[in-house]
Amino acid sequence: MNRLFGADCPHRCAFVGMVHLRPLPGSPGWDGDMDAVRRSAMRDAQTLLAGGCDAVLVENMGDLPYLRGTVHSETTAAMAVCVADVVELGVPVGVQVLAGANLQALGVAVAAGARFMRAEAFAYAHVADEGWLDASAGPLLRRRAALRADVKVWADVQKKHAAHAVTADLALADLARGHAFSGADALVVTGVETGQSTDVAHLEAVAEAGLPVVVGSGVTPTDAPVLARLADALIVGSYLKEDGNWRAPVAYDRVRALHDAIRGG
């Protein structure tokens, strides 16, 4: 049984596929066609599940460049619609709203029925593409309690696409313990950017905090068997797309190949 999903996932390590949404209302790339956004999201989610994913994480990846720590109300509403569609497929679903829009992600999860959310800048602060991101654990967990929401928080430790010099005097294991102390339900470990592999030593260091550990970037069939033995879940996005391009649709053959690598054939 999986530590993150219990009886809903019979595997010790869950395979979590990413649905990268097309540009949403409020973003520079929005083209005015919400039906197309929803159809694309559902096609990708259905392909992920057909290929063997245990859960799905929905993210507004197409909204770049991202706002810092928040999104507009129309983006939140559009995310809720898309996530609610995917929830209807009957598997555990998560939410991430870029960049660091953790309060909005919680709201989407509550409205749409998602089970978990991925939060960057949960504990400690760092500099990301968007600028300085402050820690959000205090406001986020107070809001979750006020909403009586059963939404688990998967918190990134040393988030990709960010500089962490301000916490350079803390070892990765220390940062992980700080995230656990701040109330995270699971810890996410990544490489330095999207598609970059996750260091096994980093995964082992974060696991010392005692919480479920999730790999958040760079998983391929080559390293999946090793990572799956150490992690409670593998989140995979770019590799599962046609030609490994995150902007492309999910490719069933790639999902199946990674599934077989994780499960040992």
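Predicted, not measured: the structure shown is a model, and the values here were computed from it.

With that out of the way, let us pick up the overall build of the protein. Regarding its fold elements, the protein presents eight helices and 11 strands. Compactness check: the protein gives a C-alpha radius of gyration of 17 Å against a globular reference of 18 Å for 265 residues, within 12% of the reference. Taken over the C-alpha atoms alone, the protein extends approximately 45 × 45 × 35 Å along its principal axes. When the 265 residues of the protein are sorted by exposure, 55% land in the buried category. Of the contacts formed within the protein by residues at least 6 apart in sequence, a portion of 69% connects residues at least 24 apart.

To continue, consider the packing of aromatic side chains. Overall, the coordinates contain three aromatic pairs when judged by the stated rule. Each ring, one from F116 and one from W154, has its centre 4.0 Å from the other, and the planes form 15 degrees; the classification is stacked. Of this pair, F116 sits in strand β4 (residues 116-119) while W154 sits in strand β7 (residues 152-156); the two residues are 38 residues apart in sequence, bridging distant segments of the chain. Accessibility expressed as a relative area gives 1% for F116, which makes it buried. Given the relative accessible area of 2%, W154 is considered buried.

Before going further, it helps to examine the side chain of H179. Positionally, H179 belongs in helix α5 (residues 172-181). Apart from the residues lying within four places of it in its own chain, the contact partners of H179 are F122, A123, Y124, A155, D156, V157, A184 and L187.

Compared with an ideal rise of 1.5 Å per residue, which puts 15 residues at 21 Å, helix α2 (residues 73-87) spans 21 Å between its outermost C-alpha atoms and is within 8% of the ideal. Of all the residues in α2, the buried ones are T75, T76, A78, M79, A80, C82, V83, D85 and V86.

A word on the nonpolar core. Core analysis: the biggest nonpolar cluster contains 69 residues, and V83, V95, F122 and L234 have the highest contact counts within it. In terms of residue count, α2 provides more of this core than any other element does, six residues in total. Apart from residues no more than four positions distant in its own chain, V83 is found in contact with V58, V93, V95, V108, A112 and A114. Counting 15 residues, the second largest nonpolar core, distinct from the first, contains C9, A14, M18 and A186.

Per the counting criterion, the structure on display carries 11 salt bridges. Between D54 and R263 there is a salt bridge, with the nearest N and O atoms lying 2.7 Å from each other. Here D54 is found in the loop between α1 (34-51) and β2 (55-59), whereas its partner R263 is found in helix α8 (residues 252-263), with 209 residues between them in sequence. Taking the relative accessible area as the measure of exposure, R263 reaches 25% and is therefore partly exposed.

With that out of the way, let us pick up unusual backbone geometry. That bond from L64 to P65 is cis: its omega, -5 degrees, falls within 30 degrees of zero. Considering the arrangement of structural elements, one finds P65 in the loop between β2 and α2. Residue A99 is reached from L98 by a cis peptide bond, and omega for that bond is 0 degrees. Along the polypeptide, A99 turns up in the loop between β3 (93-96) and α3 (102-112). The phi dihedral of A121 falls on the positive side, at around 55 degrees, and the residue is not glycine.

What follows covers helix α4 (residues 137-147). Those residues of α4 that sit buried are A137, L140, L141 and R144. Taken around the axis of α4, the buried residues stretch over an arc of 90 degrees, which confines them to a single face. With respect to the buried face of α4, the exposed residues turned more than 90 degrees away are R142 and A146. As for α4, its buried residues are in contact with α3, β4 and β7. Positive phi appears at R148, one or two residues downstream of α4, with a value of about 50 degrees.

For the structure on display, the rule yields zero disulfides. Of the cysteine sulfurs around C9, a residue in no disulfide, the closest is that of C13, at 8.1 Å. Under the relative-accessibility criterion, C9 is labelled buried at 1%. Summary of cysteine pairing: C82 is not part of a disulfide, and the nearest cysteine sulfur, belonging to C53, is at 18 Å. The class for C82 is buried, based on a relative accessible area of 1%.

In this section: the packing of α3 against α4. At a minimum axis distance of 9 Å, the contact between α3 and α4 shows a crossing angle of 20 degrees. Taken together, α3 and α4 sit at an angle that is classed as roughly parallel. Relative to α4, α3 is oriented so that their crossing is right-handed. Two secondary-structure elements touch here, α3 through N102, L103, L106 and V110 and α4 through P139, L140, R143, R144 and L147.

Rules behind the numbers
- Residues numbered from 1 in each chain as written.
- Predicted model: local features only at pLDDT ≥ 70, side-chain atom pairs only at ≥ 80, totals over all residues.
- Heavy atoms only, no water.
- Helix = DSSP H or I, 4+ residues; strand = E, 2+ residues; numbered from the N terminus.
- Rg over C-alpha atoms; globule rule 2.2 N^0.38 Å.
- Buried < 20%, exposed > 50% of the residue type's maximum accessible area, 1.4 Å probe, protein only.
- Contact = heavy atoms within 4.5 Å.
- Phe/Tyr/Trp six-rings, centres within 6.5 Å; stacked < 30°, edge-to-face > 60°.
- Expected span 1.5 Å × (residues − 1).
- Core = buried A, V, L, I, M, F, W, Y, C linked by side-chain atoms within 4.5 Å.
- Salt bridge = Lys/Arg side-chain N within 4 Å of Asp/Glu carboxyl O.
- Arc of directions from axis to C-beta.
- Disulfide = S-S within 2.5 Å.
- Axes fitted to C-alpha atoms, helices over the stretch in contact; angles between N-to-C directions.
- Parallel < 35°, antiparallel > 145°, perpendicular 65-115°, else oblique.
- Left-handed = near helix turned anticlockwise from the far one by under 90°.

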